[in-house]
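# Structural characterization, general
As a plain string of letters, each chain reads:
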Amino acid sequence: MANMKIKAKIKGDVLKCKVQATHEMMTYNAAKKKGVEANFITHMSAKVGEKTVLDVSTSQFLSKNPILKFQAKANGIKKGDKIEVTWTDKSGKTVTESKKVK
Amino acid sequence: MERRKFLGLSLAAVALVPASLSAIDFRETKPDAWTAKTVDDAIKALYGDIKPEESGIKLNVPKIASNGGAVPVKVKSDIAMKSLTILQDANPEAAVATYTLTEDSIVDLSVKIKMGKSGSITIIGEGQDGKFYKASKKLEVALGGCEG
């Protein structure tokens with residue numbers, strides 16, 4: 001199953017990205033009701049080559065299957081480069097996926 | 001067998017890299033901020049005793065969110081930021097997300113968050129110039145989304 005959808009585009013000198021992670025984002029409250037362990041994405045980062053374009057620490061209050069949009073100056077990033085997105089959740093699961101910048 | 005092992009090892013290596021590269025993992029460096037019940041406490045835990053300017057950040061949220069499970073939050077600013085935090089006062093804990101930004105980042109972020117009930121969203125930005133900026137907006141939530 002796909003863990004995330006990534007879209008990255010160069011427009012002029014700006015890199016525009018959109019990431020949707022497939023994740024339940026179970027809050028403590030909801031988990032208590034269902035009798036399961038709370039689990040949510042705690043950290044997400046995106047890199048192009050060695051350059052970090054996104055770095056975010058998150059709590060349980062992102063929506064289910066959260067979508068994040070962000071931008072960065074292109075500074076050397078060109079079409080065809082690979083963007084690599086990684087997220088880690090509370091259970092310690094780490095997922096990395098990459099996609100070509102369009 | 002050997003190949004399997006190698007693949008597993010390289011995957012583990014890839015997984016470890018971002019953690020070491022990221023400037024600050026706020027969940028590890030500031031654990032108090034994520035359990036703080038109020039916005040003020042969370043700000044204190046994250047940045048200390050600060051007096052943010054109420055300008056510089058443009059926050060865009062709907063006046064009435066029909067679905068509290070996914071409230072769109074858009075943040076824009078022309079100021080170069082070191083970090084930016086999204087907080088709200090409708091859920092049991094205040095902190096939602098903290099971005100670590102670099103000089104290459106453009107502050108034009110959009111994310112969907114959960115709101116248990118009507119409340120206000122607060123953004124605190126830490127500028128590269130060392131100043132703090134704040135933006136805050138109230139919104140009504142028609143259907144709470146925190147209970148999933």
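The preceding data block contains the structure.
What you are looking at is a predicted structure, and each value in this text was computed from that prediction instead of being measured. Sequence order as written defines residue numbering, which begins from 1 separately in each chain. All chains are assigned letters beginning at A, and all ligands numbers beginning at 1, according to the order in which they are written. Given that the model is predicted, a residue must reach a pLDDT of at least 70 before its local features are reported, and side-chain atom pairs must reach 80 or more before they are shown or counted; all residues, however, enter totals for whole chains, interfaces and linings. Only hydrogens and water are set aside when side-chain values are computed; all heavy atoms of the structure are taken into account.

A separate point is empty space enclosed by the protein. Residues and elements named next belong to chain A. Within this scheme a cavity is a closed region of a 1 Å grid, computed over the protein atoms alone, that accommodates a 1.4 Å probe without allowing it to escape, whereas a pocket is open but has protein on both sides within 12 Å along at least five of seven lines; lining residues each have an atom within 4 Å of a point. Grid points are joined across faces, edges and corners, and a volume is the space filled by probe spheres set on the points. Applying the stated criterion across every chain, the model contains one cavity of 30 Å³ or more. If you add up the space inside the largest cavity, you get close to 30 Å³. Secondary structure elements with two or more residues in the lining of the largest cavity: β3 (41–48) and β4 (51–58). Each residue is assigned to one class: nonpolar for Ala, Val, Leu, Ile, Met, Phe, Trp, Tyr, Cys and Pro, charged for Asp, Glu, Lys and Arg, and polar for all the others, Gly among them. In the lining of the largest cavity, the residues fall into six nonpolar, one polar and no charged. Counting from the N terminus, the helices are DSSP H or I runs at least four residues long and the strands are E runs at least two residues long.

Moving on, we come to the layout of surface pockets. The calculated volume of the largest pocket comes to roughly 450 Å³. Taken together, 23 residues make up the lining of the largest pocket; nearest its centre are Lys-16, Cys-17, Lys-18, Lys-69 and Gln-71 of chain A. Where the lining of the largest pocket is concerned, the elements lending two or more residues are β1 (4–11), β2 (14–21), β5 (67–73) and β7 (94–100) of chain A together with β1 (57–60), β3 (71–77) and β6 (105–113) of chain B. For the lining of the largest pocket, the element with the highest residue contribution is β1 of chain A, accounting for four residues.

For the purposes of this section, nonpolar cores are sets of buried Ala, Val, Leu, Ile, Met, Phe, Trp, Tyr and Cys residues that join through side-chain atoms within 4.5 Å. Burial classification: accessible surface area is computed with a 1.4 Å probe over protein chains only, and a residue below 20% of its type maximum counts as buried, one above 50% as exposed, and the rest as partly exposed. With 55 residues, the main nonpolar core has Met-44 and Ile-83 of chain A together with Tyr-99 and Ile-121 of chain B as its most contacted residues. Any two residues whose heavy atoms approach within 4.5 Å at even a single point are treated as in contact. Excluding residues within four positions of it along the chain, Tyr-99 of chain B makes contact with Leu-54, Asp-55, Val-56 and Leu-68 of chain A together with Lys-82, Ser-83, Leu-84, Ile-86, Leu-109 and Val-111 of chain B. In this structure, Val-39, Ile-50, Leu-87 and Ile-124 of chain B belong to the second largest nonpolar core, which totals twelve residues.

The next thing to look at is the pairing of β3 of chain A. Look at any regular strand and the pattern is simple: side chains alternate between the two faces of the sheet. Residue and element names in this part refer to chain A. Counting buried residues along β3, eight of its eight residues qualify, which places the element largely inside the surrounding structure. As paired elements, β3 and strand β6 (residues 82–89) share seven bridges and run antiparallel to each other. Note that in β6 the partner of Ala-46 across the bridge is Val-85. At least two bridges found by DSSP between two strands are what make those strands a pair. Inspection of the sheet shows β3 paired to β4 by six bridges, in the antiparallel sense. Each bridged residue has a counterpart across the sheet, and for Ser-45 the counterpart in β4 is Asp-55. The antiparallel pairing of β3 with β4 creates a hairpin that spans two residues between the two strands, and Gly-49 there sits at a positive phi of about 65°.

Further remarks concern the environment of Glu-53 of chain B. Residues and elements named next belong to chain B. Looking at where Glu-53 falls in the secondary structure, it is placed in the loop between α3 (39–47) and β1. Classification of Glu-53 as partly exposed rests on a relative accessible area of 34%. Among all residues touching Glu-53, those that are not within four sequence positions of it are Lys-131, Phe-132, Tyr-133 and Lys-134.

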